[in-house]
Amino acid sequence: MTTTTTGTPAVTGAVGAARTRLEGLAKVTGAARYAGEIPFAELAHGWLVLSTIARGRIRAVEDAPVLAMPGVLAVLHHGNAPRVEGDYTSPLGSPDPVLQVFQHDRVPYVGWPVALVVAETPEQAREAAEALEVRYDQEPHEAVFAAGHPDRYTPQGSEPPAETAKGDLAAALAASAVVVDAQYTTPEEHHHPMEPHAAMARWEGGRLEVVDSNQGSAFVAQELAHLFSLDPASVRVRSEHVGGGFGSKATRPNQVLAAMAATVLQRPVRVVLTRRQMFSLIGYRSPTAQRVRLGADADGRLRAFAHHAESVTSTVREFIERSADMGRVMYDADAHHTANQVVALDVPTPSWMRAPGEAPGSFALESALDELAEKCGMDPIALRARNEPETGPVSGLPFSGRQLQACFREGARRFGWADRDPRPGRRRDGRWLLGTGTAASQFPSRAAPSTAAVTAEADGDFTVRITAADIGTGARTALTLVAADALRVPPERIRMRIADSDFGPAMIAGGSMGTRSWSWAVMAAAGELREKLALGGAIPPQGITVRSDTTAAIAALAATERHAFGAQFAEVAVDVSSGEVRVRRMLGIFAAGRIVNPLTARSQFIGGMIWGLSMALHEEAVRDRASGAPVGADLAGYHVAAHADVPPIEADWVDDPDESDPVGIKGIGEIGVVGGAAAIANAVWHATGVRHRELPIRPDRVLRAGDGSRPGT
């Protein structure tokens, strides 16, 4: 039975009330087991061997000595691995060729999988993998990104389009009283969840069963069925607890290899990626070079807007870091041009990383807006208010809601913005120069078709089954609150079952779409079940179940610009002697729909803001030109913000329910990241009088930006 009910039920008080995580106690006591910890009988262990060259061919895999080592069961490589399918369309588009492991001898980048050693213990597998000799025919490569690469191109056929244009840009710039024309760069960045990628596969009762760490079990099951030419009903994927994802835990080679090895050996096999291997196999954020040109009248009203972004893709699959898309929503002008270009290098394929496009795009755009405000002699918030669009600047569609200025008003009040001296370099605290900055945030609010089943049990409780994923966001708890309100019962009467592909198709935890999409499906099923129960009658021992499918309801949504918005504020201190930048406080005010669980929502916002801080001051992956490999591929060499780097951070929200959504949700997973780095960079300018257009803002760059030795002099 299906339903597409979208009416909002009477609120019973569960949604909107702060609740601790249902699984919180299990996690802090160690009772919650993650994919790499669950025991299985006769479990074998696989260890990946990755290429050490950036381009070429495999000449030979010398596996005979390794096969003779203690405990080794198999060595899989391109010469003996089972064949997998490559011609299909996955839920996320064309399949990443790295999933078609061991199908040929080509090596397109350092870190490409070339062999899997399977042994009785992980220690035996690792020792054998490190002893395996792979010989290559090496070819010249290019792996280091730089702006203006001669082979850059504009992707064709992407949706939304890679390039948009209206109006005469050159004429509008020429007619502008004030012009900003600046280049901004962001480095390669990596998303490394605390829990490494791990997958166990086995054949059980004629079905391929996979227990792993992912962001969408239904999506992984569908892709594995395609790869191995299986009936989708014969693949089951479960992912009960996930220790972070950030876009990295879709279908990855370790899942495919575990399934491949389990098929060959006819026993369970687990493959866990090391931290170093994750730098090659789970995606990352491309470096970007962005040129922003703004032309305005003397009063700050935009006449010309141009945002051109360049990023990296690989030679095996096209991926666009859509940094220039940010301005398609934020600001309008008579001449409005945006373009995303890519250059294909001999590197792993970039991928979705929390707030893809918007995170680097907001740094460039919101820094440029601050520069424009400086040139116009205007307050940065007033400049943004003057350029509020009435409709989507590119789409022309109405906004479903746009509370950006409400966020700025509330944020300015709390942050004490009115007391700010706009002149840079005026405040000191001993050796520290102090400054404040702000930036706007936006992230699209979308929903995708999902299914859910809700059962009224004979004991009076209710069981919800949905292939949702809780990647640390508190989704399990949020969905319980939604179900409780929909059924008009206390949350304690809800049994929430998630992360099992047998429960049916559902949206992946990504794009800030998960909770909105799943809640819609839960609401629809629960609403129809409540109507059934209102008719009276005894509940049979097997219960009464209603299943929903929101495909038709979501397809019927009116075309509008749906986005979460926010205003970020930061205060920084810059050491005049060392160039060190410390963030002293941050504040984020967001308009992100109805907040289901304030406790976990605030954590999501703050976590995103910390990510923005880390992006501004710390994160930077560097590739070695000679080898094509990342330098310091570990969390000792790749710096992220630690506890000592994080100041007091406040996050709050204004009332902003989405009337088109049955719960009023917009999505909050990524909006907290957007704008944070720009707010900090703008604050550093206010402290020192020097603009930083290159991230991260390292001490050496701060010193060089001053008189050659000290900032702000």
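Here, the structure is the one placed above.
Residues numbered from 1 in each chain as written. Predicted model: local features only at pLDDT ≥ 70, side-chain atom pairs only at ≥ 80, totals over all residues. Heavy atoms only, no water.

So, the overall build of the protein
The helix and strand tally for the protein stands at 17 helices and 24 strands. For the protein, the C-alpha radius of gyration of 26 Å lies close to 27 Å, the compact-globule estimate for 713 residues. By principal-axis analysis of the C-alpha atoms, the protein measures approximately 75 × 75 × 50 Å. Going through the 713 residues of the protein one by one, you find that 60% of them count as buried. Across the protein, contacts joining residues at least 24 apart in sequence account for 82% of those joining residues at least 6 apart. (Helix = DSSP H or I, 4+ residues; strand = E, 2+ residues; numbered from the N terminus. Rg over C-alpha atoms; globule rule 2.2 N^0.38 Å. Buried < 20%, exposed > 50% of the residue type's maximum accessible area, 1.4 Å probe, protein only. Contact = heavy atoms within 4.5 Å.)

Some thoughts on the packing of aromatic side chains
With the rule as written, the count across this model stands at eleven aromatic pairs. With centroids separated by 4.9 Å and ring planes inclined at 70°, the aromatic side chains of F246 and W611 adopt a geometry described as edge-to-face. Placement of the pair is F246 in the loop between β11 (235–238) and α6 (253–265) and W611 in helix α15 (residues 598–617), with a sequence separation of 365 residues. On the basis of relative accessibility, which here comes to 11%, the residue W611 falls in the buried class. Considering the side-chain rings of F399 and F565, the 6.3 Å spacing of their centres and the 65° angle between planes classify their relative orientation as edge-to-face. Of this pair, F399 sits in the loop between α10 (380–386) and α11 (404–415) while F565 sits in strand β22 (residues 563–575), placing them 166 residues apart in sequence. Looking at F399, the relative accessible area reads 16%, which means it is buried. In this structure an aromatic cluster arises from ring pairing among F408, F415, W417 and F569. The ring centre of F399 lies 4.8 Å from the NZ or CZ of R402, which sits over that ring. (Phe/Tyr/Trp six-rings, centres within 6.5 Å; stacked < 30°, edge-to-face > 60°. Lys NZ or Arg CZ within 6 Å of the ring centre and 35° of its normal.)

Some thoughts on the sheet that holds strand β21 (residues 544–549)
Spatial strand order, β20-β19-β18-β21: four strands in an open sheet with mixed pairing. Strand pairing shows two members of the sheet lacking a second neighbour, β20 (494–498) and β21, which therefore form its edges. The mean angle between the axes of side-by-side strands here comes to 15°, regardless of whether they run parallel or antiparallel. In terms of strand pairing, strand β19 (residues 462–466) meets β20 through five bridges, oriented parallel. In the strand pairing of β20, I466 is matched with I498. Lying on the sheet, helix α12 (residues 475–487) is in contact with β18 (451–456), β19 and β20; it crosses β20 at an angle near 135°. (Pairing = 2+ DSSP bridges. Axes fitted to C-alpha atoms, helices over the stretch in contact; angles between N-to-C directions.)

Here's the deal with the packing of α15 against helix α16 (residues 676–688)
At a minimum axis separation of 7 Å, α15 and α16 run at an interaxial angle of 50°. When the axes of α15 and α16 are compared, the pair comes out oblique. The interaxial crossing formed by α15 with α16 has right-handed handedness. Where α15 approaches α16, its residues G612, L613, M615, A616 and L617 are matched on the opposing element by G676, A677 and I680. When its residues are assigned to classes, the contact of α15 with α16 shows six nonpolar, two polar and no charged. (Parallel < 35°, antiparallel > 145°, perpendicular 65-115°, else oblique. Left-handed = near helix turned anticlockwise from the far one by under 90°. Nonpolar A, V, L, I, M, F, W, Y, C, P; charged D, E, K, R; others polar.)

With respect to the environment of P91
Mapped onto the elements of the fold, P91 is located in the loop between β3 (72–77) and β4 (106–107). C-alpha separation for the pair P91 and F219, spaced 128 residues apart in sequence, amounts to 6.4 Å.

Concerning the pattern of salt bridges
All chains considered together, the criterion is met by 55 salt bridges. A salt bridge links R135 to E62; the nearest nitrogen and oxygen atoms lie 2.4 Å apart. Pair noted here: R135 is in strand β6 (residues 133–138) and E62 is in strand β2 (residues 56–62), with a separation of 73 residues, a long-range link. Taking relative accessible area as the criterion, R135 reaches 30% and is therefore assigned partly exposed. With a shortest N-O distance of 3.6 Å, E310 and R152 are connected by a salt bridge. (Salt bridge = Lys/Arg side-chain N within 4 Å of Asp/Glu carboxyl O.)

Notes on the nonpolar core
Core analysis: the largest hydrophobic core is formed by 83 residues, its most contacted members being L294, L372, F569, V572 and I680. Those residues in contact with I680 that sit more than four places away from it in its chain are A570, V572, V583, M586, G612, L613, A616 and L617. If you look at the next biggest cluster of nonpolar residues, it comprises 59 residues, including L48, V72, A81 and I282. (Core = buried A, V, L, I, M, F, W, Y, C linked by side-chain atoms within 4.5 Å.)

Quick look at the pairing of strand β23 (residues 581–591)
The element β23 is largely enclosed, with a buried count of eight among its eleven residues. Pairing analysis gives ten bridges linking β22 to β23, with the strands arranged antiparallel. Its bridge partner being in β23, Q568 is matched across the sheet by G588. Hairpin remark: β22 followed by β23, antiparallel, with five residues in the connecting loop; positive phi at G579, about 80°. Here five bridges tie β23 to strand β24 (residues 649–653), and the two strands are oriented parallel to one another. Note on β24: the bridge partner recorded for I589 is D652. Crossover β23 to β24 through α15 is right-handed. (Right-handed = clockwise from strand over helix to strand, strands pointing away.)

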